[in-house]
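The chain contents come next:
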Amino acid sequence: MRAMDRTLACVAALAMGCGGGPAGESSGARDAGADGTGHEDAAGEGAAPAPDGSTPLTFEKLTLDTAFRAEGVAVLDVDHDGHLDLATDQYWYAGPTFAPHEISAPQAFDPATQYSRCQAVFPADFDGDGWTDILVTPFMFDPANPPAEPMLWYQNPRGADVHWTPHEMAPATAVETAIFVDLFGDHRREVVMGQDPPLVLSWFAPDAGPTMPWTATDISPTGFAGAGHFTHGLGAGDVNGDGKLDVLTGYGWFQQTPSADAWMWHAFAFGPAPADACSDMYAYDFDGDGLADILCSRPHDYGIHWWQQVAGGSFVDHVIDTTISQMHALDLVDLDGDGTPELVSGKRWWAHGPSGDPGASDPAVLTAYSFVRKGPGDVVFTRHDIDDDSGVGTQFPVTDVDGDGKPDVVVSNKKGLFLFRQR
């Protein structure tokens, strides 16, 4: 895979400005260049055949903002024009030109010393008015440093170019990145996250009305270490093959039962230090033996792993790659349409500043891994770098942004905001 760089130029007429973000820092659309970006396509090299025989993929890189504003981003049609847009907690970027419009008061952060207030963005129509809103996961609450930041959903203003009205969904979040998933197969998604105190992992749903705080239903007992502030490792997937989604943590997994408020605990440490062993987690049968394995990447060290499920419900560790550190977000998506998903991840550059983690200042790689099954426990992974100056944040979407039928990758992090369009 190769990425062609198409960074927006510093021209007053462009939708974006230079030196740290959208020009003018104000709401309202701005005119872009004639090709939708104001810059000509860079010439791209031909993609070499992949060693595993997979279809070569090529990506075109668009730099939409150079300021550090958020580490999560969503893809949605904000304005009902048929074009998909991008959104963080501060701006939505109107496709197909991606001109910025304010959602809230803009703020840029110092990537060396600060964290953003946006760890993840999830799109949905929360008030049922036919317009897609966004739910924003804030920075985690540390009980030693109050006050907590509430988790908010922002109400789409239905075509008006004004700031979006925020509504509190929960008073805080504890785990590093919450997930938003249809746990029960009823076409309604729930938020899964921790609360600290009282150290409980819960699922949340809007039972009392769209603008009221959501109702929490406990998954774990009180005192569960996997629900703590700054704890990593959370996901959902069918581990035991019963057709129901289970909840995955670095400390083990909670099996879904017929009762939504009763979950069966299976303890298993997915690494020597479960609080930092995994970032996003997935259940998928990588080796084709009929048992779901666990995908797990290290958020503050080197390495991405798959854990082979074996008879008796235990897991065996297999290393995929140990050359990239801070792989703080992960997705499992079929990029090339062959029916087998690729692993999409990368480096969360300067996750704890320039010296807080091993390899903190290594190149900010964005990458994908294809794989070939050789037999039980035997899987060959091939790495395909997409870019080396962007990486990932704490959450990112992989979806078809431009409508050509091919999944694209959108990342927001300490390097800025980037769209990688698959060609």
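Data block above holds the structure.
What you see is a predicted model; the values in this text were computed from it and never measured.

Undergrad: Where do I start with the environment of Leu248 in this structure?
TA: Inspection of the secondary structure assignment puts Leu248 in strand 16 (residues 246-249). We classify Leu248 as buried; its relative accessible area is 1%. For the pair formed by Leu248 and Gly235, sequence separation is 13 residues and the distance between their alpha carbons is 4.8 Å. Excluding residues that lie within four positions of it along the chain, Leu248 makes contacts with Gly233, Leu234, Gly235, Ala236, Gly237, Val239, Trp253, Met281, Tyr282, Ala283 and Ile294.

Undergrad: What's the story with the sheet that holds strand 3 (residues 74-76) in this structure? I'm lost.
TA: Strands pair in a sheet through their backbones, by hydrogen bonds, and they do so in one of two ways: parallel or antiparallel. The strand order 3-4-5-6 describes an open sheet built from four strands, whose pairing is antiparallel. Strands with a single pairing partner mark the edges of an open sheet, and in this sheet they are strand 3 and strand 6 (99-102). Neighbour-to-neighbour, the strand axes of this sheet turn through a mean angle of 25 degrees, independent of strand direction. In terms of strand pairing, strand 3 meets strand 4 (residues 85-87) through three bridges, oriented antiparallel. Bridge pairing in strand 4 links Ala74 to Ala87.

Undergrad: Would you mind showing me how to read the nonpolar core here?
TA: Burial of nonpolar side chains together is a common tendency in soluble globular proteins. Of all hydrophobic cores here, the largest spans 31 residues; its most connected members are Leu135, Met169, Val191, Val192, Met193, Trp214 and Val247. Every element with two or more residues in this core is listed here: strand 7 (120-124), strand 9 (151-155), strand 10 (165-170), strand 11 (179-181), strand 12 (190-195), strand 13 (200-205) and strand 15 (234-237). If you tally residues by element for this core, the top one is strand 13, at four residues. In this structure, Phe59, Ile386, Val392 and Phe396 belong to the second largest nonpolar core, which totals 16 residues.

What counts, and where the lines are drawn
- Residues numbered from 1 in each chain as written.
- Predicted model: local features only at pLDDT ≥ 70, side-chain atom pairs only at ≥ 80, totals over all residues.
- Heavy atoms only, no water.
- Helix = DSSP H or I, 4+ residues; strand = E, 2+ residues; numbered from the N terminus.
- Buried < 20%, exposed > 50% of the residue type's maximum accessible area, 1.4 Å probe, protein only.
- Contact = heavy atoms within 4.5 Å.
- Pairing = 2+ DSSP bridges.
- Axes fitted to C-alpha atoms, helices over the stretch in contact; angles between N-to-C directions.
- Core = buried A, V, L, I, M, F, W, Y, C linked by side-chain atoms within 4.5 Å.

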